[in-house]
Amino acid sequence: MPLIRNRYGKGRVRVMRIHRDGERHEVSQLSVKAMVEGDFARTYTHADNSNTISTDTIKNVVNVLARENTGLSSEEFCQALAKKFLDTYSQISSVGITVHETKWVRLSFGGKPHPHSFVLDSNGKPFVEINATREEFSIASGIDGFAFMKSTQSGWEKYVKDRYTTIPETDDRMCATSMVASWKWSAKPASYPATNKKILDTLLEVFAMTYSASVQDSLYRMGEAALAAVPEISEISMACPNMHFILLNLSAFGLDNNNDVFLPTDEPHGQIECTVGRG
C-alpha cells in the first residue's frame, strides 16, 4: 500500500516574547504550529527514523528563534522560522507555519502610554499562516473570533418566500457577528502590524457607517474597501456566523417591545462567507 502523503510537526508551542527598547517594552504571546514535509516516508513504512527530526527539536527551534528575534512582527517571525527549518534540514521540502497571537494592549494613564504594563484584549486572535518551499512561499494574516455589532441600520427584505419561510421582513434589526477573516499578501507592507490594523479599521468603518441590506451585502463592500485601502493584499476572505438577537414578546405583561429587549443566541446561526479579490 503506498504512503500517499505525510507531514508532521509540533503544535501549540507557546511562547511569550518581550522586546526591550530602553524602558519601553513590546510583548508578543504566540501559539505556534510548525509542520514539515520531506524525506520522511521510511519512518512510516520501514520503522527507520534515521532521517526524521524529533518534534521536540522542532519545538526547540521555535524557542531559539523566538529568543533571537524578539522584535519581529508575527509575520516576519514566521518567515524567519520557515527559513530556519529549510536552511537547517536538507530533508525538509516544505514548511507550514501557523501562529495565533494572544493580544495584550498597552495601558495608558493620564493620556500617557505606560512603557511596560498591558491588559488582555480578548476580542479576536490574530493569526499568520505561511507555506514555504525552497522555491516560493505564501503568507496570509487574519483574525479569528473578532466580534462586532450594530444595533440598527441593518435589514433583511425581498428574499425568497415559500411555504417554508417564517422569518418576517425588516429594515431595522441588530446585526452582530464573530468574524474569521484572512488576507493574502502579494507584497510586503512597510509595517505588518500597522497594515493589519488599517485593514480591520477599514472593515469596521464600512460595517458601521453604511446601511446593511444583508450580511452578504456588507461583507462584499467591506472586502472591496479593504482591497482599495491596502494594495499589498491580493484577496480577503471573511466568514461571519450571525450572533442572533431574538425580539422578546412581552405582551403577556402589557408591554410593547419596540426593538428594545432581545434574547441573545448563537445557535443555530446563519453562516455567511465570501472571498473578494482583484479580478
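Owing to the predicted nature of the structure, the values given are computational and were not obtained by experimental measurement.

(A) Fine view of the overall build of the chain. When you go through the chain residue by residue, the secondary structure sums to 5 helices and 11 strands. Each of the 279 residues in the chain was classed as buried or not, and the buried ones make up 35%. Counting only contacts in the chain whose residues sit at least 6 apart along the sequence, the fraction spanning at least 24 positions is 63%. Element-wise, carbon and sulfur atoms account for 53% of the exposed surface of the chain, whose accessible area totals about 16500 Å².

(B) Layout of the packing of helix H2 (residues 55–68) against helix H3 (residues 74–88). Running from amino to carboxyl end, H2 crosses H3 at an angle of 130 degrees, the nearest separation of the two axes being 10 Å. Taken as axis vectors, H2 and H3 run oblique relative to one another. Where H2 crosses over H3, the handedness of that crossing is right-handed. In this structure, H2 uses Ile58, Val61, Val62, Leu65 and Ala66 to contact H3, whose residues at the interface are Phe77, Ala80, Leu81, Lys84 and Phe85. Grouping the amino acids of the contact of H2 with H3 by side-chain chemistry returns 9 nonpolar, no polar and 1 charged.

(C) View of the pattern of salt bridges. Across all of its chains, the model carries 13 salt bridges by this definition. Two residues, Arg5 and Glu37, come together in a salt bridge whose shortest N-O distance is 2.7 Å. With Arg5 in the segment before strand S1 (8–21) and Glu37 in strand S2 (residues 24–38), this residue pair connects regions lying 32 residues apart in the sequence. Among the residues examined, Arg5 registers a relative accessible area of 57% and is labelled exposed. For Glu37, a relative accessible area of 19% translates into the label buried. Notably, a salt bridge pairs Asp201 with Lys197, separated by 2.7 Å at the nearest N-O pair. In this pair, Asp201 and Lys197 both sit in helix H4 (residues 192–209), 4 residues apart, roughly one turn of the helix. A residue is classified by how much of its surface remains accessible, and Asp201, at 36% relative accessible area, is partly exposed. Overall, the relative accessible area of 51% leaves Lys197 in the exposed class. Overlapping salt bridges bring together Arg5, Arg7 and Glu37 as one network.

(D) Region of interest: the state of the cysteines. Tallying each qualifying case throughout the model produces 0 disulfides. Here Cys274 is not disulfide-linked; the sulfur of Cys240 is the nearest cysteine sulfur, at 7.8 Å.

(E) How the structure looks around the side chain of Ser73. Turning to its location among the elements, Ser73 is positioned in the loop between H2 and H3. A residue is classified by how much of its surface remains accessible, and Ser73, at 10% relative accessible area, is buried. Setting aside residues no more than four positions away along its own chain, Ser73 makes contact with Arg17, Tyr192 and Pro193.

(F) Expanded view of the packing of aromatic side chains. Going through the model one piece at a time under the given rule, you end up with 5 aromatic pairs. Here Tyr8 and Phe40 contribute two aromatic rings whose centre-to-centre distance is 5.2 Å and whose plane-to-plane angle is 90 degrees, an arrangement assigned as edge-to-face. Of the two residues, Tyr8 is situated in strand S1 and Phe40 in the loop between S2 and helix H1 (41–45); the sequence distance between them amounts to 32 residues. Relative to Tyr159, the ring of Trp156 has its centre 5.0 Å away and its plane inclined at 5 degrees; by these criteria the two rings are stacked.

(G) How the structure looks around helix H5 (residues 215–229). Taking 1.5 Å of rise per residue, 15 residues should cover 21 Å, and H5 covers 21 Å from first to last C-alpha, within 8% of that figure. Buried within H5 are the following residues: Val215, Ser218, Leu219, Met222, Gly223, Ala226 and Leu227. Seen from one end, H5 has its buried residues packed into an arc of 160 degrees, which puts them on one side. At its buried positions, H5 is contacted by strand S6 (137–150), strand S7 (175–185), H4, strand S8 (233–241) and strand S11 (271–277).

(H) Focus on the nonpolar core. Within the largest apolar cluster, 55 residues are counted, with the highest numbers of intra-cluster contacts made by Phe85 and Ile97. Once residues lying within four places of it in the same chain are set aside, the contact partners of Ile97 are Val32, Lys33, Ala34, Cys78, Leu81, Ala82, Phe85, Val128, Glu129 and Ile130.

(I) The arrangement of the pairing of strand S5 (residues 125–133) in detail. In this structure, strand S3 (residues 92–109) lies alongside S5, joined through 7 bridges in antiparallel fashion. By the bridge assignment, Thr98 is partnered in S5 with Glu129. Of the pairings in the sheet, the one linking S5 to S6 comprises 8 bridges and is antiparallel in character. Bridging across to S6, Phe127 finds its partner in Gly142. With antiparallel pairing between neighbouring strands as the criterion, S5 and S6 make up a hairpin whose turn holds 3 residues.

Basis of the calculations
Residues numbered from 1 in each chain as written. Predicted model: local features only at pLDDT ≥ 70, side-chain atom pairs only at ≥ 80, totals over all residues. Heavy atoms only, no water. Helix = DSSP H or I, 4+ residues; strand = E, 2+ residues; numbered from the N terminus. Buried < 20%, exposed > 50% of the residue type's maximum accessible area, 1.4 Å probe, protein only. Contact = heavy atoms within 4.5 Å. Areas by Shrake-Rupley, 256 points an atom, 1.4 Å probe, with all protein chains shown as cover. Axes fitted to C-alpha atoms, helices over the stretch in contact; angles between N-to-C directions. Parallel < 35°, antiparallel > 145°, perpendicular 65-115°, else oblique. Left-handed = near helix turned anticlockwise from the far one by under 90°. Nonpolar A, V, L, I, M, F, W, Y, C, P; charged D, E, K, R; others polar. Salt bridge = Lys/Arg side-chain N within 4 Å of Asp/Glu carboxyl O. Disulfide = S-S within 2.5 Å. Phe/Tyr/Trp six-rings, centres within 6.5 Å; stacked < 30°, edge-to-face > 60°. Expected span 1.5 Å × (residues − 1). Arc of directions from axis to C-beta. Core = buried A, V, L, I, M, F, W, Y, C linked by side-chain atoms within 4.5 Å. Pairing = 2+ DSSP bridges.

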